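Results of the structural survey
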Amino acid sequence: MENEKKKEIVFSAIQPSGTITLGNYLGAVRNWVSMQDEYNCIYALADLHTITVRQEPAAMRKNILDAYASIMACGIDVEKSIFFIQSHVHTHAELAWVLSCYTQFGELSRMTQFKDKSAKHADNINAGLFTYPVLMAADILLYQADKVPVGADQKQHIEITRDIAERFNGIYGNVFKIPDGFIPKNGARVMSLQDPSKKMSKSDENVNGCVHLLDPPEVIMKKFKRAITDSEASVHYGEGKDGVNNLMAIYSAVTGLSYEQIEHDFDGRGYGDFKTAVGEAVAETLRPIRERYEQLVKDKAYLEDCYRKADELALKISSRTMNKVMKKIGFVL
Ligand code: ATP
Ligand code: LTN
């Protein structure tokens, strides 16, 4: 239509580094799904990012296909959105190399994810772990994305992406769109149920701290019942109540209830009731996703058809930016 506004572009990605968690869902993937009507959405499995931490080959192969099916099961509609596999689209690694020459050692040294992950994997502080944000910047900038739906932990990576893009544009003219992060109000930082000072993470060793998207209801209930709280036995948001604050944030994110409403509903009731309510609400939210996953994961041919088509489209779109970049820098094309 003539006066229809051009849709903005959304890009995001997730690492297939293990089973998708409730944190990934509430912080990111849920928004990927809800943005599909209003935006042109492009999503990726960031499998190249995953090898910054050593992976076992057979497990990695399985994780990639399982993660693809899980994200699809959350409601990605392949008629509306492009959902591809990063390593199948060669422009990502190419632009990452180019952008690494426009990124300073000092700015990468300040990345908190690098500091955290190098502390956690002290035996393998590889160069890829250090340049991880440059590959992420390449992912986003290749598609001229306007918005990047991510959890709060990725804020710093979005900022460095903007800095790299602005620097490059400053030298060569308007090559890249400057993207904005899109971080949800609720669920942007889901914490571990066992250590609420740490974010819930796919690669957490403590399985009880982390709810997985495909956990059956009884497992979800058990994890919430064991969640760390405090000795006050009063459901309200407050300082020093990290465990309860986290449960309130999760409950609010899945039910849409405000904190005031939750405090009101659980006034005078103990943590046992509250944990049961949170567990049930999460189990109900995840139930249809798990059911769709069970169907999808059996149909390998369908999944392959989806990612092959998406890979091709992603290559086509990203090649436009890649060619422009090469030309501007002075490579002979
Ligand atoms: P890993 O444990 O391998 O580092 P991860 O669980 O942190 O993985 P990523 O693949 O790095 O997951 O993140 C995918 C998306 O999920 C990102 O947008 C990230 O911000 C979001 N996310 C990850 N963990 C959480 C969390 N605990 N709460 C909210 N959002 C999260
Ligand atoms: N680094 C992200 C995953 C990721 C990503 C991206 C997110 C890789 N490339 C591009 C948004 C846009 C993470 O969540 N750890």
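One can find the structure itself at the top, above this paragraph.
Now for a description of the structure that goes with this document. Since the model is a prediction, treat every value here as computed from it, not as a measurement.

Another aspect to go through is the nonpolar core. Membership of the largest hydrophobic core comes to 60 residues, with the highest contact counts inside it found for Phe224 and Val282. In terms of residue count, the dominant contributor to this core is helix α12 (residues 271-298) (twelve residues). Residues contacting phenylalanine 224, with those up to four places away along its chain left out, are Leu22, Leu193, Val211, Leu247, Ile250, Lys275, Val278, Gly279 and Val282. Formed by 40 residues, the second largest nonpolar core is a distinct cluster that contains Phe11, Leu95, Ala137 and Ile160.

To describe a pair of aromatic rings, one takes the distance between the centres and the angle between the planes. For the coordinates displayed, the defined rule picks out 16 aromatic pairs. Judged by centre distance (4.3 Å) and plane angle (0 degrees), the rings of tyrosine 68 and phenylalanine 83 are stacked. Of this pair, tyrosine 68 sits in helix α3 (residues 57-73) while phenylalanine 83 sits in strand β3 (residues 82-85), and the two are 15 residues apart along the sequence. Take tyrosine 68: its relative accessible area is 0%, and that puts it in the buried class. Their ring planes at 85 degrees and their centres at 5.8 Å tell us that tyrosine 251 and phenylalanine 274 sit as a pair that is edge-to-face. With tyrosine 251 in helix α10 (residues 242-255) and phenylalanine 274 in helix α12, the pair connects residues that are 23 residues apart, well separated along the chain.

Turning our attention to the site of ligand 2. In the neighbourhood of ligand 2, 13 residues make up the surrounding shell, with Ala13, Tyr132, Met136, Asp139 and Gln154 lying closest. Note that a nitrogen atom of ligand 2 is positioned 2.6 Å from one of the side-chain N or O atoms of tyrosine 132. In this structure, glutamine 154 approaches ligand 2 through a side-chain N or O atom, which is 3.1 Å from a nitrogen atom. Across the complex, the protein chains shield 91% of the 360 Å² of accessible surface that ligand 2 would expose by itself. Of all the secondary structure elements, the ones that give two or more residues to the shell around ligand 2 are β1 (9-14) and α7 (127-142).

For the rest of this paragraph, the subject is helix α9 (residues 217-225). Looking only at α9, the buried set comprises Pro217, Ile220, Met221, Lys223 and Phe224. End-on, the buried residues of α9 take up no more than an arc of 165 degrees, which puts them together on one face. Each element contacted by the buried residues of α9 is listed here: α1 (22-34), α10 and α12.

Around ligand 1 lies a shell of 21 residues, among which Lys117, Asp153, Lys199, Ser201 and Ser203 are the nearest. Measuring from an oxygen atom of ligand 1, one finds a side-chain N or O atom of lysine 117 at 2.5 Å. Within the side chain of serine 201, an N or O atom sits 2.5 Å from an oxygen atom of ligand 1. Summarising the interface, the protein chains cover 96% of the accessible area of ligand 1, which totals 600 Å² for the free molecule. Here the shell around ligand 1 takes four residues from α1, the largest share from any one element.

Basis of the calculations
- Residues numbered from 1 in each chain as written.
- Chains lettered and ligands numbered in written order.
- Predicted model: local features only at pLDDT ≥ 70, side-chain atom pairs only at ≥ 80, totals over all residues.
- Heavy atoms only, no water.
- Core = buried A, V, L, I, M, F, W, Y, C linked by side-chain atoms within 4.5 Å.
- Buried < 20%, exposed > 50% of the residue type's maximum accessible area, 1.4 Å probe, protein only.
- Helix = DSSP H or I, 4+ residues; strand = E, 2+ residues; numbered from the N terminus.
- Contact = heavy atoms within 4.5 Å.
- Phe/Tyr/Trp six-rings, centres within 6.5 Å; stacked < 30°, edge-to-face > 60°.
- Near = heavy atom within 4 Å.
- Polar contact = N/O pair within 3.5 Å; in protein donor to acceptor, adjacent residues only side chain to side chain.
- Areas by Shrake-Rupley, 256 points an atom, 1.4 Å probe, with all protein chains shown as cover.
- Arc of directions from axis to C-beta.

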